[in-house]
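Given next are the chains, with one letter for each unit.
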Amino acid sequence: MATHRGRGFAAINYPIGMNLGGDPSQALVHSNPDGKFTVALSAIDLGQGMKSVTRQIAAETLGVPIEDVYVDTADSDTGPHDMGSFASRGTHRMGNAVIQASNEARSVMLEAAAEELEVDAADLVTDGKGNIHVKGAPSRSITTMAAAQAAQFKQGRTIAGRGIFLIPLSEVDPDTGEMTPVSCFAHAAMLVDVEVDDETGEVAVIDMQSAYEVGRALNPKLVEQQLRGGAWMGMSHAIWETTEPYYPSREHGPEDFNSYLMPGPGDLAPHHISVLERPAPDGPYGGKGPGEMCANPVLPAVVNAVYDAIGVRIDDLPVTPEKVLRGLKAQGGAKPRRML
Amino acid sequence: MIEFRKEFFADERDDDLNEIGKPTRRQDILGHVTGRSPFFDDHQFDGLLHLRCVRSPHHHARIRRVDTSQAEKMPGVVRVLTGKDVPTNLNTLLSLLDFGIDDEPILSDKKVAYRGEPVAAVIAATEAQARAAVKAVRVDWEVLPHVLDVEEAIKPGAPKVLDIYPNNKFIYHGKYDHQKLRFGDVEAAFASADHIVEGRYQMSPIEQAPIETCGAIAAPEQNDRYVCYTSTQALFFSLGTAAKVLQTPSSKLHFVGGTVGGGFGGKVDSIHEPLAILGAMLTGRPVKYAWDREEEMQVGAPRGAERWYIKDAVNRDGRITARKFIGYFDSGAYTRLSSYAIIKGVGHLPGPYTIPNVYADVYCVYTNRTPATAMRGFGITGVDFAIETHMDKVAETVGLNPIELRILNSYRDGDMKAHRREAKNCALVECCQVVAEKAGITLSAEARAATSLTGGGGERARIPNYTATDQNGRVEGFDTGSYARKSGSGPAAATAQPSTAQPARAPQPGSQPASRPASASRPEQAPPRADPPAKPPESRPAASRSGAMRFSSLSGFRRR
Amino acid sequence: MMAKTPVNFTLNGNDRAAFAEDGQNLLEFLRRGVGDMSPKYGCGQGTCGACTVLVDGETHLSCLVLAETVDGKEVRTASGLSSPALDPLQTAFMEHFAAQCGYCTPGMLVSARALLDRNPRPSREEVIEAISGNLCRCTGYEPIIQAILAVAEGRARA
């Protein structure tokens, strides 16, 4: 006849990219005659923002305003190969391929501008607003549009670039398991507060405090989208979801959203996020991918919090009211631990 | 509710960039809010046909006969497909990635190994007509015994889920029925430990549950090619698989995707495209094959269940000196990507901690349930749940605050990891400290002074002089030259040695809590200066591979 | 030949006429019959809300509505929210990053529009109730709630 509060903690790291490597991504970048750029990819945007983050990376590397860059994906007739959007590989692999392609296109653009301005390409900078000018002498300038037109119609240059990023495939030792899984890891720590009702067995997450280390937040709002949505999914994974409620029996498996439970907007917990950035030496501008690790620490944090609240260890996900009540019955009632 | 702690690692970053770091509006969000973003199903086709599959109601059964004659006569039915209509009736994902033996039919014609497995496909003018015709397909089943528990499935005498591997276990490197991790000598550490902490952890399967279900629409395009709009997460995986299954040059296939209504791993290998394209080839009309929500829930591959046994040797000061894992991935009825997941999981052990002795045996086990596939955190989520729940048991055993325990054992730059690579670019300590501070939890002076850049390396950088290895789980009859390829002529050639490794037993009650950890002074070092990354690292060309249809070999299992 | 039923209705303010297949639901009718792809199929069982449309100003799950029943009625979908100027909700969703994959967004916007039409100043609880029938797998809901409240509190640009 009481609710008990508990706190639980978990800390994790997460490998960025396909395990063992060997997962290439390619990119093609080219300018139309007006100096507007298309980035051709085959990466899939599932909602994680693949089109958006690669657009920012291209614009940064090319030195042009983001409005002048468009990412086109995925059409197998026009986009070069990409392994796919999974394993938190998109930002890291595709980002690097886009940088390489953009660098090549940029150097041609600067050569074209240099020829028009009759200077050395090495003396030119882009202002990120659509202009190319001599370092320290902004009046000696040409628009990217004019440089592109000159390249196309006068000089016979293609302002275009190609990129590929591939981490060589690692071996695995059958006897020791020695391997190179990935080149960088993201990190996270999470503390959740829960309330457990010892009459109904229901567990509610009432607060989340987290710290996520993501290399570099290439777009802070896209990172926030992943961290918020992912933590929600972690909470859902811990307390709500299962395709086999009586695993390993397959009986009573849900067939619709009435019986496949997920928290709704009325079940949310406030989530206070801190983002840390330790650039990956081989990440695009140091970026790592936050898309998967955001959910992981929530599962054990919730289980640890339930133990803290009532002294019942539930080592079997999901944490259901039935398991809570059985645990309470077996030990003769709630025995709060309050370790945190 | 969100803050950016720029002060951490500030000297490793140049934050003065133009577009990077800006909260720029998404390129696609105007399309999302106006309803114009084109998902695979948002394309009009004249004369669109609908494909639905006939599925097994049994966990395990032999197929005696599939009678489609009634279904073929039903209103609106254009064509009914069975296994013989599929040019290569095999999901070729594993051979495409050089990751194992292809083991799963597209349309099963000999036996089914999970409830929901497809045995025929009806193509009709409307979805309702396809559903009605599916019910009219008659299958004579010979129901077989089935097994659903991973530890039951590997016992001698258990029903055989897959004919290729003995005892329902995937064979790694042609050598063992599990993947090993061996670093140091855990048994020696257990013998001299102050505390032993054991645990058993179980995670049930869960659904990716994107709001958009999996599907594809294929249609004849001009010039003897086929266009396929698909929800896939991996355009070229899907294109390559379709080309192999249909024995069609990849140049004839035009795949369009890139805007997907959520994936979370469930759309990496959903394999809708081959049947949709085959339907378009055989009917000359556009064909849509998409799952309804019930199929998405119970037929669509979930995150596989995992069972982990963990045993730790712990000093009274809270340092974990050894960690032993026995892990069972429930791969379901076919391999799909589970063989890869185990390797990824093994590469992740023992978690972000520096532990001088680590042992793992991880099994990819076949059971008579829906085959598992990738899901957000594939290969990692389950074992992290086990590890982090276990860490709290260790904390309670030694009487340490759970956050202190993490920081104490955390890996740091320069440490040697259990898979024999140096730890770099670490940040676990700082994440723990930030959360403790926000949550109002007071840490010890050492924990507050710890950093990822200090205290690592030195002794901690060494590979142990002695690592205990073994031949447990050795199998014969599989080629070591290539990943899990069989030697000899038939599946009966392989025999397995009985495994002598015992799974860890149920957790023992923890010993009495020990005293607080002795403080250790750490030499302060200036963090190393690193230039901010301006250029991407040089990419190295992939080693050349034979086989026109292959991607790079991802197995890594071949000895070179 | 299957029986087809003529349906005369207005869609987003425009007179439309099309034939509904026998037993066809409004979702399929709008998408395949009329060509408005904004309402989405998420479950076909009325449990996810991705197919939400307005019929005579009220929210309905179009996967559970018989197409022919909208004869003579006014149907509004997400694609009719911009005219062509964006509805403040659309702008707010963009500003608050209230969409990732975008699949639930059309249904979500329709539910939000219906809420603000009947209750221009809802509380957070009222917003939550109004969108409780629209499942989102990506965002964790908070940015969606914030976007709707921003419009309600007059903080979003028209």
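Residues numbered from 1 in each chain as written. Chains lettered and ligands numbered in written order. Predicted model: local features only at pLDDT ≥ 70, side-chain atom pairs only at ≥ 80, totals over all residues.

**Q** For this particular structure, what's the right way to read the overall build of chain C?
**A** What chain C contains, in helices and strands, is five helices and five strands. The order of helices and strands in chain C, counted from the N terminus, is β-β-α-β-β-β-α-α-α-α. The C-alpha radius of gyration of chain C comes to 16 Å, within 12% of the 15 Å expected for a compact globule of 158 residues. With the C-alpha coordinates aligned to their principal axes, the bounding extent of chain C is approximately 55 × 30 × 25 Å. Evaluated residue by residue, chain C yields a buried proportion of 57% over its 158 residues. Put simply, of all contacts in chain C between residues at least 6 apart along the chain, 57% involve residues at least 24 apart. (Helix = DSSP H or I, 4+ residues; strand = E, 2+ residues; numbered from the N terminus. Rg over C-alpha atoms; globule rule 2.2 N^0.38 Å. Buried ≥ 20, exposed ≤ 12 C-beta atoms within 10 Å, placed from the backbone. Contact = placed C-beta atoms within 7 Å.)

**Q** Looking at this structure, how should I read the overall build of chain B?
**A** From N to C terminus, chain B includes 14 helices and 18 strands. Of all 560 residues assigned to chain B, the portion counted as buried reaches 59%. Counted over contacts in chain B with a minimum sequence separation of 6, partners at least 24 positions apart contribute 78%.

**Q** It is not clear to me how the interface of chain A and chain B should be interpreted in this structure. Could you clarify?
**A** The parts lose accessible area when they come together, and the size of an interface is often stated as this lost area. Taken together, the 122 residues of chain A in the interface contact 118 residues of chain B. Looking at which element gives the most residues to the side of chain A that touches chain B, the answer is strand 1 (residues 3–15) of chain A, with seven residues. Residue classes in the side of chain A that touches chain B are distributed as 61 nonpolar, 36 polar and 25 charged. Here strand 12 (residues 316–317) of chain A pairs with strand 9 (residues 195–203) of chain B via two bridges, running parallel. Within strand 9 of chain B, the position partnered with A:L317 by the bridge is B:M203. (Nonpolar A, V, L, I, M, F, W, Y, C, P; charged D, E, K, R; others polar. Pairing = 2+ DSSP bridges.)

**Q** Which parts of the structure should I look at to understand the sheet that holds strand 9 (residues 185–197) of chain A?
**A** Backbone-to-backbone hydrogen bonds join strands into a sheet, with any given pair of strands oriented parallel or antiparallel. As summarised here, the arrangement of the five strands in space is 1(A)-9(A)-10(A)-11(A)-1(B), forming an open sheet in which the pairing is mixed. Strands at the two margins of the open sheet, each flanked by one partner only, are strand 1 of chain A together with strand 1 (2–4) of chain B. Adjacent strand axes in the sheet meet at a mean angle of 15° when their direction is disregarded. (Axes fitted to C-alpha atoms, helices over the stretch in contact; angles between N-to-C directions.)

**Q** Whenever I open this one, the interface of chain B and chain C confuses me. Can you help?
**A** On the side of chain C, 30 residues touch chain B, which itself brings 25 residues to the contact. For the side of chain B that touches chain C, the element with the highest residue contribution is helix 1 (residues 29–34) of chain B, accounting for six residues.

**Q** Teacher, can you tell me more about the environment of C:V110 here?
**A** Residue and element names in this part refer to chain C. Looking at the element boundaries, V110 is found in helix 3 (residues 105–118). Overall, the presence of 28 C-beta atoms within 10 Å leaves V110 in the buried class. C-alpha separation for the pair V110 and D71, spaced 39 residues apart in sequence, amounts to 20 Å. Excluding residues within four positions of it along the chain, V110 makes contact with T52, V53, L54, T59, T77 and A78.

**Q** Hey, could you run me through the packing of helix 1 (residues 50–62) of chain A against helix 2 (residues 90–117) of chain A in this one?
**A** Any two packed helices are characterised by the angle at which their axes cross and by the distance between the axes. All names here are of chain A. It is the contact of helix 1 with helix 2, at a shortest axis distance of 8 Å, that shows an interaxial angle of 35°. The two elements helix 1 and helix 2 meet at a crossing, and its hand is right-handed. Facing helix 1, whose interface residues are M50, V53, T54, I57, A58, T61 and L62, helix 2 presents G90, T91, M94, G95, V98, I99, S102, N103, A105 and R106. (Left-handed = near helix turned anticlockwise from the far one by under 90°.)

**Q** What is the right way to read the nonpolar core from this model?
**A** Side chains of a nonpolar character, in soluble globular proteins, are inclined to be buried together. Counting residues in each nonpolar core, the largest one holds 323 residues, and the members touching the most others are A:V302, A:V306, B:A120, B:V122, B:A218, B:A276 and B:C431. In contact with B:V122, not counting residues within four places along its chain, are B:L51, B:R52, B:V54, B:A71, B:V77, B:V80, B:A130, B:A133, B:V134 and B:V137. (Core = buried A, V, L, I, M, F, W, Y, C linked by C-beta atoms within 7 Å.)

**Q** Explain helix 2 of chain A to me, please; I cannot follow it from the model alone.
**A** All names here are of chain A. With 28 residues, helix 2 extends 38 Å from end C-alpha to end C-alpha; this agrees with the ideal 40 Å at 1.5 Å per step. In terms of residue burial, helix 2 counts as a mostly covered element, since 20 of its 28 residues are buried. After helix 2 finishes, the residue E118 shows a positive phi value of roughly 55°. (Expected span 1.5 Å × (residues − 1).)

**Q** Explain the domain arrangement of chain C to me, please; I cannot follow it from the model alone.
**A** Residue and element names in this part refer to chain C. For chain C, the assigned domains are domain 1 (4–78) and domain 2 (88–152). Centre-to-centre, using C-alpha coordinates, domain 1 lies 21 Å away from domain 2. It is strand 3 (residues 52–55) that provides the largest number of residues to the side of domain 1 that touches domain 2, a total of three residues. Its residues assigned to classes, the side of domain 1 that touches domain 2 comprises seven nonpolar, six polar and one charged. (Domains from an automatic or database assignment.)

**Q** Would you mind going over the domain arrangement of chain B with me for this structure?
**A** Residue and element names in this part refer to chain B. Entries for chain B in the domain assignment read domain 1 (49–144 + 208–298) and domain 2 (150–206 + 302–496). Centre-to-centre, using C-alpha coordinates, domain 1 lies 36 Å away from domain 2. With 21 residues of domain 1 in contact, the opposing surface of domain 2 contributes 25 residues. Each residue belonging to the side of domain 1 that touches domain 2 can be placed in one class, and the counts come to nine nonpolar, eight polar and four charged.

**Q** For this particular structure, what's the right way to read the packing of helix 2 (residues 88–95) of chain C against helix 5 (residues 142–152) of chain C?
**A** Residues and elements named next belong to chain C. Where helix 2 meets helix 5, the closest approach of the two axes is 8 Å, and the angle between their N-to-C directions is 135°. Classified by the interaxial angle, the pair formed by helix 2 and helix 5 is oblique. As for the relative orientation of helix 2 and helix 5, their crossing is right-handed in sense. Between helix 2, through P88, L89, A92 and F93, and helix 5, the contact on the second element is made entirely by A147, I148, A150 and V151. Taken together, the residues that form the contact of helix 2 with helix 5 break down as eight nonpolar, no polar and no charged. (Parallel < 35°, antiparallel > 145°, perpendicular 65-115°, else oblique.)

**Q** When you look at the sheet that holds strand 14 (residues 306–314) of chain B in this model, what are you seeing that I'm missing?
**A** Taking strand neighbours across the sheet as the criterion, the six strands line up as 12(A)-9(B)-14(B)-15(B)-16(B)-8(B) in an open arrangement whose pairing is mixed. Single-partner strands in this sheet number two, and they are strand 12 of chain A together with strand 8 (179–183) of chain B. Inspection of the sheet shows strand 9 of chain B paired to strand 14 of chain B by nine bridges, in the antiparallel sense. Looking at strand 14 of chain B, one finds that B:Y201 is bridged to B:W308.

**Q** Even after reading the chapter, I still don't get the environment of C:V53, so can you show me in this structure?
**A** All names here are of chain C. By the secondary structure assignment, V53 is in strand 3. Placed 13 residues apart in sequence, V53 and L66 show a C-alpha to C-alpha distance of 13 Å. In this structure, V53 is in contact with L26, P39, H60, S62, V75, R76, T77 and V110, ignoring residues within four places of it in sequence.

**Q** Before we go on, may I ask you to explain unusual backbone geometry in this structure?
**A** Peptide bonds are mostly trans, and most non-glycine residues show a negative phi. Along the chain, A:T73 connects to A:A74 via a cis peptide bond; the corresponding omega equals 5°. Note that A:A74 resides in the loop between strand 4 (69–72) and helix 2. Along the chain, C:S83 connects to C:P84 via a cis peptide bond; the corresponding omega equals 0°. Tracing the backbone through its elements, the reader meets C:P84 in the loop between strand 5 (74–76) and helix 2. In the Ramachandran plot, A:L20 falls in the positive-phi region, its phi being about 75° despite a non-glycine side chain. On the secondary structure map, A:L20 appears in the loop between strand 1 and strand 2 (25–31).

**Q** What is the right way to read the pairing of strand 3 (residues 61–67) of chain B from this model?
**A** Looking along a regular strand, one sees side chains alternate from face to face of the sheet. Residue and element names in this part refer to chain B. Sheet analysis places strand 3 next to strand 7 (residues 138–143), joined by six bridges and oriented antiparallel. Across the sheet, the residue bridging to R65 is D140, located in strand 7. Pairing geometry for strand 3 and strand 5 (residues 111–112), over two bridges, is antiparallel. Looking across to strand 5, one finds that A61 is bridged to V112.

**Q** I keep staring at the confidence of the model for chain B and nothing clicks. Help me out?
**A** Close reading of the predicted structure is inappropriate where its pLDDT is low. The share of residues in chain B with pLDDT of 70 or more is 86%, and the mean pLDDT across the chain is 87. Predicted confidence is poor over residues 481–560 of chain B, with pLDDT under 50, and the contacts of this stretch with residues over four places away or in other chains come to 154 contacts. (pLDDT = per-residue confidence, 0-100.)

**Q** Help me understand the pairing of strand 8 of chain B, please; the structure alone is not making it clear to me.
**A** All names here are of chain B. Here strand 8 lies mainly inside the structure; five of its five residues are buried. Alternating positions in strand 8 separate into two faces, Q179, L181 and F183 on one and K180 and R182 on the other, with burial throughout. Bridging between strand 8 and strand 16 (residues 357–366) involves five bridges; their strand directions are antiparallel. Bridge pairing in strand 16 places K180 opposite D361.

**Q** What is the right way to look at helix 12 (residues 402–409) of chain B in this model?
**A** In an α-helix, one full turn covers 3.6 residues, which means residues spaced three or four apart are oriented alike. Of all eight residues making up helix 12 of chain B, eight are buried, and the element is well covered by its neighbours. Those residues of helix 12 of chain B that fall on the buried side of the exposure criterion are B:P402, B:I403, B:E404, B:L405, B:R406, B:I407, B:L408 and B:N409. Of the surrounding elements, those touching the buried residues of helix 12 of chain B are strand 1 and helix 5 (298–310) of chain A together with strand 15 (320–332), helix 11 (381–398), helix 13 (428–438) and helix 14 (445–449) of chain B.

**Q** Sorry if this is basic, but what is going on with the environment of B:G457 here?
**A** All names here are of chain B. Tracing the backbone through its elements, the reader meets G457 in the loop between helix 14 and strand 17 (475–476). Counting along the chain gives 42 residues from G457 to D415, while the straight-line C-alpha distance between them is 4.7 Å. Among all residues touching G457, those that are not within four sequence positions of it are D413, G414 and D415.

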